Amino acid sequence: MMKFKLLYWILFVNQVIFAQTMIYGYLKGDQDKPLDQAVVSLGEDRLIQSKSDRVGYFQFKDVAAGTYLIIINRVGYVPLTLTVKVFPKEMRKDLGVIKLEYNPSQEDEGLLTLMEDDFSPDEESSQSMTGIGLLQSSKDVFSKTASFELGSYWIKVRGIDNSYANIMFNGIPMSKNHTGKPDFGNWGGLNNVIKYPYELAENNTISDYSFSNLGGTTYYDTRSSSYRKGFQLTYSFSNRTYQHRIMTTYSSGMLPSGWAFTFSGSRRWMEEGVIDGTYNNSYAYFASLEKKINDNHRLNLTAFGAPTRKTGMSPNTQEVYDLRGKNYNSYWGWQDGDKRNERVKRIFEPIFMLTHYWNLSDKTKITTTASYQFGYNKSSRLNRYEADNPSPTYYKNLPSYWLSQENVTEYENFLHAWETNDLNVTQLDWGYLYNTNYHAPTYQDPYSGQIGRRASYFLVDDVYKDKTFNAATHLHTFLSDNWKLFLNINYQNLVSDNYREVNDLLGADFVVNESSFIKGDGSGSSTDDYNSLKPGSVARKGEKTEYDYRMFRQEITGNATSRVTLNHWEMAVSLVFGWNEAYRDGKFKHGLYPNNSYGKSNKANFTELGLRTGITYKINGRNFIIVNSAYFESSPTLNEIFVNSRLNNDITPHISNQRINTNDLTYILRSPSVKARITGYYTKIKDAVEITRYYAKGVSLDESEDAFVSEVLAGVEKEYLGSEIGLEWKLTPSLTLSGIASVGQYTYKNNPNLYILSDNSPGVHDYGSSFIKNYKITGTPQKAYVVGIKYDSPNYWWVGVSGNFLQDNYSNISSLSRTKNFIMKDDAFPYEGATQENVKSIIKQKQFQDVFMLNASLGKSLKMGKYSLGLSASVNNILNERGYVTGSFEQGRYSNYEQLEKDKSLAYPLFGNKLFYDRGRSYFINVSFRF
């Protein structure tokens, strides 16, 4: 009897949970025409999707009993969410005709905002990068508003930068091994084909395609048949990172022959940007070819690239901005009637992908991709040998220096030159550089015997050429109707050539391959040769100088994710295991590091483990509570492993994985008139590494007090605590009020150990603790608020206005100035006057002013049969607020109390903070034609 009852209950539960129902319906749009190519998702996680056909029909088979969200998205229409209840034993669920509201302003909803800072400072010459553009967008009310409003102001979501973001194309990760950051320039200008991610797992949300990181996962599927059929031509006019943009895209759809083709190309260019002496000339191409072999197998070949040539802008002290304005750029000067910029970046890294789509059964799909990326990334800069610094903003070329020397005559001369914009002083003097080289001393190449002029000034390119092979497999299977399993396996192999080559000799014959800054110790064990294998050698245009090495890295990662859906609950768990190794192979035997620069380094090996969990409780069809939690390890990047890779094989002391613990709790409301999200989050990072390089005085390393140093913070702990609030309220069918608040507190939570590696003194120098606890983590305002209102006319035009208020923006700090070295004289006694109060005042972290930005946008859509024309325009920072600092860092040049206290007492410190200011009012006008 008991066995019979047990069998009965098993059968009953199985019938309730696994009853099979078909849900179907028809979609109609403008003028009651059937809507094809609409994406219809079943469930909050959108894992089960269907596309409407030519008559607007869609269906879902084998749906278990329960309550579901049906989410419908179609470009140009307002997204629609329905709540559907499937009853036990219900075989068919007819949703009837579903009408979507046409709204052309939705054409760009879901657009991934990739604000690339085309004018970011050079990594080697600065201690801090400018803010990195926002990488967030979805139908979520907070993320959608933040991406469109704050993206142009380089706001970092939850304080996290792009090194923690995971962007994938067909399962292939796009992050660079050197920095961990994706290079958005690799697909810049391809907006028409990368607008809508296939999956967007934000922040701490679990992804089906990877384990993610703190920045979430954005996954693109470039299968040709997935693109909207037709032709699109777009022209844009702007004053942001380009002035003109032309894009054209064609997609054939799936042809009767089983082939589908999608092609896209673009050009972006500007003769000169808002910042003086900057320009951009970029192209992009994309091709996707798909072959349907049969119902179970498809192949897709994807190729894209973006040949780019653009220039940089300089960070400046406040003195320079006060003298010449916030558009000033020290990197250019006039040459033969043209503006010539010394910092030119040329990038071309094309990628090819072959993807196999395999429908193993109705419940199991496998997607496999192999890819290969190659090309070059070159960045030019002005170099010198036994010559004065020619930079206009070199501290001895500014009025403040001569005022500090009490030289009134020189002070007045330089002040007059800067105020009247004497170009021989305020910009690079290319004529002087050439003339110096024409009169440079002669030198005989000991290998060829040639006698020529050795360059005092010359342009070099810092080059890296990555050759990256990737392979990735993704398995998606239904273990039952409400239980899904995802498996991901990724392999990557990198070979990276890194070197400096001569770009332009500026009238000289060759460069001598030795340093005028780094000198040997005179014992014969070290020299000033860049390559002591060929002492006294020279380099001509296109030849290597200073450094040459190769990096190797390989990695394998396995990830498993499981999702279970019940009546009111959705639960997911994700696991990851990874292994990687890296090493350096030096091609030059550096004179200062004769025993630690040539040949292969030791291998650095790391193993990663991680666990994520996500729980969603559906109170009803409109109210949800979501809890996400994760603990995982993240391996260091190549730049973090090899602290001074240009010169030697040294591995960062005590290098290890970062250990990351992150949690968030969210409440979501979705009603016909109000959408809201409230999130609280907490993230702790341990054992992070931070490396900066700069020229310092007062370091007292062995024989030299002045040194170009690598500053290494090891074992850094960081804490990110905050909340996010988003609200969207439809006041009327046409009028929508929206607002968000992002309130964070991002701080250092320990006093990590500081190591200094100097180009003047071999070895690793331990400076003990750097007392940075409770200092602010920088690179973004820690608080941001947005309020906007938008009117959508029934006649297919719209207008919107928003206000943005940004708070708590700080400058990056010099860790060396927070060690005992800063206050101790001769390692024995404190400097005179170095009291606790005075020291605290001198090293107080710089906080910048709060700023308010006003934005506006408008647009109009016209439909003419099968043709459509879209017009839109937006203006950011209408009030032209120029006080917003997008990046700042302490120079670190003076690294002891006595020097820094004296410097800060000046009206304009010689080595004050260097800044980047926002470019002010910007506009963007877009015209798009589709048929």
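Residues numbered from 1 in each chain as written. Predicted model: local features only at pLDDT ≥ 70, side-chain atom pairs only at ≥ 80, totals over all residues. Heavy atoms only, no water.

So, the overall build of the protein
Consideration 1: Counting secondary structure elements, the protein contains 10 helices and 51 strands.
Consideration 2: Relative to the compact-globule value of 30 Å for 931 residues, the protein shows a C-alpha radius of gyration of 30 Å, a close match.
Consideration 3: C-alpha extents for the protein along the principal axes are approximately 95 × 65 × 60 Å.
Consideration 4: Going through the 931 residues of the protein one by one, you find that 57% of them count as buried.
Consideration 5: For the protein, the accessible surface area stands at approximately 39100 Å², while carbon and sulfur atoms represent 55% of it.
Consideration 6: For the protein, the centre of its 101 positive side-chain charges and the centre of its 98 negative side-chain charges are spaced 9 Å apart. (Helix = DSSP H or I, 4+ residues; strand = E, 2+ residues; numbered from the N terminus. Rg over C-alpha atoms; globule rule 2.2 N^0.38 Å. Buried < 20%, exposed > 50% of the residue type's maximum accessible area, 1.4 Å probe, protein only. Areas by Shrake-Rupley, 256 points an atom, 1.4 Å probe, with all protein chains shown as cover. Lys, Arg positive; Asp, Glu negative; His and termini not counted. Charge placed at Lys NZ, Arg CZ, Asp CG, Glu CD.)

A word on the side chain of Asp445
Consideration 1: Secondary-structure assignment places Asp445 in the loop between strand E24 (442-444) and strand E25 (451-453).
Consideration 2: Judged by its relative accessible area of 6%, Asp445 is buried.
Consideration 3: Here the side chain of Asp445 touches Ser448 through a polar contact of 2.8 Å, side chain to side chain.
Consideration 4: Contacts of Asp445, omitting those with residues within four sequence positions, involve Gln450, Val538 and Arg540. (Polar contact = N/O pair within 3.5 Å; in protein donor to acceptor, adjacent residues only side chain to side chain. Contact = heavy atoms within 4.5 Å.)

Brief notes about the packing of aromatic side chains
Consideration 1: Applying the stated criterion to the full structure yields 43 aromatic pairs.
Consideration 2: Residues Tyr401 and Trp402 carry aromatic rings whose centres are separated by 4.9 Å and whose planes lie at 80° to one another, so their mutual orientation is edge-to-face. Across the pair, Trp402 and Tyr401 agree in class, each one buried.
Consideration 3: Ring geometry for Trp402 and Phe414: centres 5.9 Å apart, planes at 20°, overall stacked. A residue pair is termed long-range when its members are at least 10 positions apart, and Trp402 in helix H4 (residues 399-404) and Phe414 in helix H5 (residues 408-419) qualify at 12 residues. Here the two residues Trp402 and Phe414 agree in accessibility, since each one is buried. (Phe/Tyr/Trp six-rings, centres within 6.5 Å; stacked < 30°, edge-to-face > 60°.)

Points about H5
Consideration 1: Between its first and last C-alpha atoms H5 spans 16 Å; for 12 residues at 1.5 Å apiece the expected length is 16 Å, and the two agree.
Consideration 2: Turning to H5, its buried residues are Phe414, Ala417 and Trp418. For H5, the angular spread of the buried residues around the axis is 95°, confining them to a single face. Turned more than 90 degrees from where H5 packs its buried face, Val408, Thr409, His416 and Glu419 sit exposed.
Consideration 3: Buried residues along H5 sit against helix H3 (318-324), H4 and helix H6 (423-426).
Consideration 4: Asn421, located one to two residues past H5, shows a positive phi value of around 60°. (Expected span 1.5 Å × (residues − 1). Arc of directions from axis to C-beta.)

A short note on the pattern of salt bridges
Consideration 1: One pass over the full model with this rule turns up 34 salt bridges.
Consideration 2: One salt bridge connects Arg453 with Asp509, and the closest N-O pair in it is separated by 3.9 Å. One end of the pair, Arg453, is in strand E25; the other, Asp509, is in the loop between strand E27 (483-504) and strand E28 (511-512), with 56 residues separating them in the sequence. (Salt bridge = Lys/Arg side-chain N within 4 Å of Asp/Glu carboxyl O.)

Let's talk about the environment of Gly621
Consideration 1: Structurally, the position occupied by Gly621 is in the loop between strand E33 (604-618) and strand E34 (623-634).
Consideration 2: Judged by its relative accessible area of 25%, Gly621 falls in the partly exposed class.
Consideration 3: Once residues within four sequence positions are removed from consideration, Gly621 is found in contact with Leu69 and Thr83.

Thoughts on the sheet that holds strand E2 (residues 39-42)
Consideration 1: One open sheet holds the four strands; their spatial order is E3-E2-E5-E6, and the pairing between them is antiparallel. At either end of the open sheet lies a strand with only one pairing partner, and these are strand E3 (48-51) and strand E6 (80-86). Between one strand axis and the next, the sheet turns through 25° on average, direction left out of account.
Consideration 2: Sheet topology places strand E5 (residues 66-73) next to E6; seven bridges connect them, and they run antiparallel. What sits directly across from Tyr68, in E6, is Val84. (Pairing = 2+ DSSP bridges. Axes fitted to C-alpha atoms, helices over the stretch in contact; angles between N-to-C directions.)

A word on the nonpolar core
Consideration 1: Ranked by internal contacts, the top residues of the largest apolar core, which has 46 residues, are Leu214, Trp418, Ile685, Phe822 and Tyr897.
Consideration 2: Excluding anything up to four places from it in sequence, Phe822 contacts Leu816, Ser817, Tyr831, Val839, Ile842, Ile843, Ser895, Asn896, Tyr897 and Leu900. (Core = buried A, V, L, I, M, F, W, Y, C linked by side-chain atoms within 4.5 Å.)

Concerning helix H7 (residues 430-438)
Consideration 1: Restricting attention to buried positions, one finds in H7 the residues Trp430, Leu433, Tyr434 and Asn437. For H7, the angular spread of the buried residues around the axis is 95°, confining them to a single face.
Consideration 2: Summarising the contacts, the buried residues of H7 are in contact with strand E18 (332-335), strand E19 (338-341), strand E23 (376-384), E25, strand E26 (457-480) and E27.
Consideration 3: The opening residue of H7, the one whose side-chain oxygen lies 3.3 Å from the backbone nitrogen of Gly431, is Asp429.

Let's talk about the sheet that holds strand E1 (residues 21-28)
Consideration 1: What the three strands build is an open sheet, ordered E4-E1-E7; its pairing is mixed. Among the strands making up the open sheet, the edge pair consists of strand E4 (57-63) and strand E7 (92-99). With direction set aside, neighbouring strand axes in the sheet form an average angle of 15°.
Consideration 2: Bridge count between E1 and E4: five bridges; the pairing is antiparallel. Considered in E4, the bridge of Tyr26 is made with Tyr57.

A closer look at unusual backbone geometry
Consideration 1: Residue Asn170 is not a glycine yet carries a positive backbone phi of 55°.
Consideration 2: Take Asn170: it is sitting in the loop between strand E8 (166-169) and strand E9 (172-173).

Considering the pairing of strand E41 (residues 783-792)
Side chains on a regular strand alternate between the two faces of the sheet.
Consideration 1: As defined by bridge partners, strand E38 (residues 735-748) adjoins E41 across nine bridges and the pair is classed as antiparallel. Note that in E41 the partner of Ser742 across the bridge is Ala784.
Consideration 2: Of the pairings in the sheet, the one linking E41 to strand E42 (residues 797-807) comprises 10 bridges and is antiparallel in character. Directly across from Asp792, in E42, lies its bridge partner Trp798.
Consideration 3: Between E41 and the antiparallel strand that follows it, E42, lie four residues; Tyr796 among them carries a positive phi value of about 65°.

Examining the environment of Leu69
Consideration 1: Considering the arrangement of structural elements, one finds Leu69 in strand E5.
Consideration 2: Separated by 157 residues in the primary sequence, Leu69 and Ser226 have C-alpha atoms spaced 23 Å apart.

Re the environment of Asn595
Consideration 1: Residue position: Asn595 is located in the loop between strand E31 (569-586) and strand E32 (599-600).
Consideration 2: Distance in space between the C-alpha atoms of Asn595 and Met22 is 72 Å, their sequence separation being 573 residues.

Thoughts on a nonpolar patch on the surface
Consideration 1: A surface patch of nonpolar side chains, amounting to about 710 Å² of accessible area, comprises Leu566, Trp569, Met571, Ile615, Tyr617, Ile619, Ile625, Val627 and Leu665.
Consideration 2: Where the nonpolar patch is concerned, the elements lending two or more residues are E31, E33 and E34.
Consideration 3: Examined against the element boundaries, Met571 turns out to sit in strand E31. (Patch = residues over 30% accessible without salt bridge, like charges linked within 9 Å, V, L, I, M, F, W, Y side chains within 5 Å.)

Overview of the side chain of Thr311
Consideration 1: Among the structural elements, Thr311 can be located in strand E17 (residues 308-311).
Consideration 2: Looking at Thr311, the relative accessible area reads 2%, which means it is buried.
Consideration 3: Only 2.7 Å separates the side chain of Thr311 from the backbone nitrogen of Tyr279, close enough to count as a polar contact.

A look at the confidence of the model for the protein
Consideration 1: A residue-level look at the protein finds 90% of positions with pLDDT of 70 or above and a mean pLDDT of 87.
Consideration 2: Overall, residues 1-19 carries pLDDT values under 50, and its contacts beyond four positions in sequence, including any with other chains, amount to 14 contacts.
Consideration 3: Taken as a whole, residues 108-138 scores under 50 in pLDDT and shows 131 contacts with residues more than four places along the chain or in a different chain. (pLDDT = per-residue confidence, 0-100.)

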